Amino acid sequence: MKRRSDRKKFTPSKVDFVNIEKNSNCEVVEMEKRRKLSGKKRIALIAHDAKKLDLVDWVSYNANVLKEHQLYATGTTGGLIKEKLGIKVKTLKSGPLGGDQQIGAMICEEKIDILIFFWDPLEPQAHDVDVKALLRIATVYNIPVAIDRSTADFLISSELFHKEYEIIVEDYEKTLKQRIRRIVERGTL
């Protein structure tokens, strides 16, 4: 058995990321899709009540960069950003009234490229299930997500933030079809 130090360092290239799976007939099936993000990103901004002023402060600090992109926000958060900073932001419903779900739907429709969500880990939310669903959808569609100020700082300061970028998204539809086919073949759940 090779020790970790004996192994060659593996540096993946774009070609190395092709994700394949053998199905029961030994066919190789590609299991991913690619999506190109433009240099002008569509950014969703969300904050829980205890984090709203922190997000407004972060947006203020990064206003010159963010103005180059398309901004979306849930109701109260977007209203605060417009009122305090005068920055153009498309405002959706408040989070508890469906705003988190609207952002999730936009992620599914490939209308959001980045999610900045300053959430409060100490305060239970009436819409916690919506928050969990939103984070799950962001993960399924492999978009960059910042859940606190430090991560948002790292994200916005990345050179990739301003460039075209190709994300790799697992093709869950194919995965689900294969799972269903295997269940049907076995005849049981």
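What counts, and where the lines are drawn
- Numbering of residues starts from 1 in each chain and follows the order in which that chain's sequence is written.
- Given that this is a predicted model, residues contribute local features only at a pLDDT of at least 70 and side-chain atom pairs are listed and counted only at 80 or more, while totals for whole chains, interfaces and linings are drawn from all residues.
- Side-chain measures were taken over the full set of non-hydrogen atoms in the model, leaving aside hydrogen atoms and water.
- By convention in these notes, a salt bridge is any Lys or Arg side-chain nitrogen within 4 Å of a carboxyl oxygen on Asp or Glu.
- Here a strand is any run of E in DSSP of at least two residues, a helix any run of H or I of at least four, and the numbering for each starts at the N terminus.
- Classification of residues uses two cut-offs on accessible area relative to the type maximum, computed with a 1.4 Å probe and protein chains only: under 20% is buried, over 50% is exposed, and between them is partly exposed.
- Contact definition: two residues touch when any of their heavy atoms are within 4.5 Å.
- Interaxial angle, 0 to 180 degrees, is taken between N-to-C directions of lines fitted to C-alpha atoms, where a helix line uses only the stretch in contact.
- When an angle is under 35 degrees it counts as roughly parallel; over 145 it counts as roughly antiparallel; between 65 and 115 it counts as roughly perpendicular; any other value is oblique.
- By convention, the crossing between two helices is left-handed when the near helix turns anticlockwise from the far helix through less than a right angle, and right-handed when the turn is clockwise.
- Scored from 0 to 100, pLDDT reflects the predictor's confidence in each residue.
- At least two DSSP bridges between two strands are required for those strands to pair.
- In this classification, the charged set is Asp, Glu, Lys and Arg, the nonpolar set is Ala, Val, Leu, Ile, Met, Phe, Trp, Tyr, Cys and Pro, and all remaining amino acids, among them Gly, are polar.

Participant: Help me out: how do you make sense of the pattern of salt bridges in this one?
Facilitator: Pairing between side chains of opposite charge can happen when their charged atoms approach one another. Taken as a whole and judged by the stated rule, the model has 11 salt bridges. Put simply, aspartate 113 and arginine 42 hold a salt bridge, and the shortest N to O gap is 2.9 Å. Placement of the pair is aspartate 113 in the loop between α4 (99-108) and β7 (114-118) and arginine 42 in strand β4 (residues 42-47), with a sequence separation of 71 residues. In this structure arginine 42 comes out as partly exposed when scored by relative accessible area, which is 23%. A salt bridge links arginine 149 to aspartate 57; the shortest N-O distance between them is 3.0 Å. Highlighted residues: arginine 149 in helix α6 (residues 149-157) and aspartate 57 in helix α1 (residues 52-61), separated in sequence by 92 residues. Since its relative accessible area comes to 24%, arginine 149 is described here as partly exposed.

Participant: Whenever I open this one, helix α3 (residues 75-85) confuses me. Can you help?
Facilitator: Helical geometry note: an α-helix holds 3.6 residues per turn, so side chains three or four residues apart project in the same direction. Those residues of α3 not exposed but buried are Gly75, Thr77, Gly78, Leu80 and Ile81. For α3, the elements touching its buried residues are β4, α1, β5 (70-73) and β6 (90-91).

Participant: I'm lost on the packing of α4 against helix α5 (residues 128-140) in this one. Help?
Facilitator: Packed helices, taken two at a time, are described by their axes: the angle between them and the distance between them. Running from N to C, α4 and α5 cross one another at 15°; their axes reach a closest spacing of 9 Å. Classified by the angle their axes make, α4 and α5 are roughly parallel. Viewed along their axes, α4 and α5 form a crossing whose handedness is left-handed. Listed contacts from α5 to Asp100, Gln101, Ile103, Gly104, Ile107 and Cys108 of α4 are Asp130, Val131, Leu134, Ile137 and Ala138.

Participant: Honestly, the confidence of the model for the chain in this entry has me stumped. Any pointers?
Facilitator: Per-chain confidence: the chain averages 84 in pLDDT, with 81% of residues scoring 70 or above. Here residues 1-29 is modelled with pLDDT under 50, and outside its nearest four sequence neighbours on either side it reaches 30 contacts, counting other chains as well.

Participant: I would appreciate a short explanation of the sheet that holds β4 in the present structure.
Facilitator: In sheet architecture, strand pairing relies on hydrogen bonds along the backbone and comes in two forms, parallel and antiparallel. What the five strands build is an open sheet, ordered β6-β5-β4-β7-β8; its pairing is parallel. Of all the strands in the sheet, the pair left with one neighbour each is β6 and β8 (145-146). Sheet topology note: the β4/β7 ladder contains five bridges and is parallel. Bridging from a neighbouring strand, leucine 45 pairs with isoleucine 116 of β7. Across the sheet, α6 is in contact with β7 and β8; its angle to β7 comes to roughly 155°.

Participant: Mind showing me how you'd approach the packing of α1 against α3 here?
Facilitator: Two numbers describe how α1 lies on α3: the axes approach to 10 Å, and their chain directions differ by 45°. With respect to each other, α1 and α3 are oriented oblique. The crossing of α1 and α3 is right-handed. Mapping the contact onto sequence places Lys52, Leu53, Leu55, Val56, Val59 and Ser60 in α1 and Thr76, Thr77, Leu80, Ile81, Lys84 and Leu85 in α3. When its residues are assigned to classes, the contact of α1 with α3 shows seven nonpolar, three polar and two charged.

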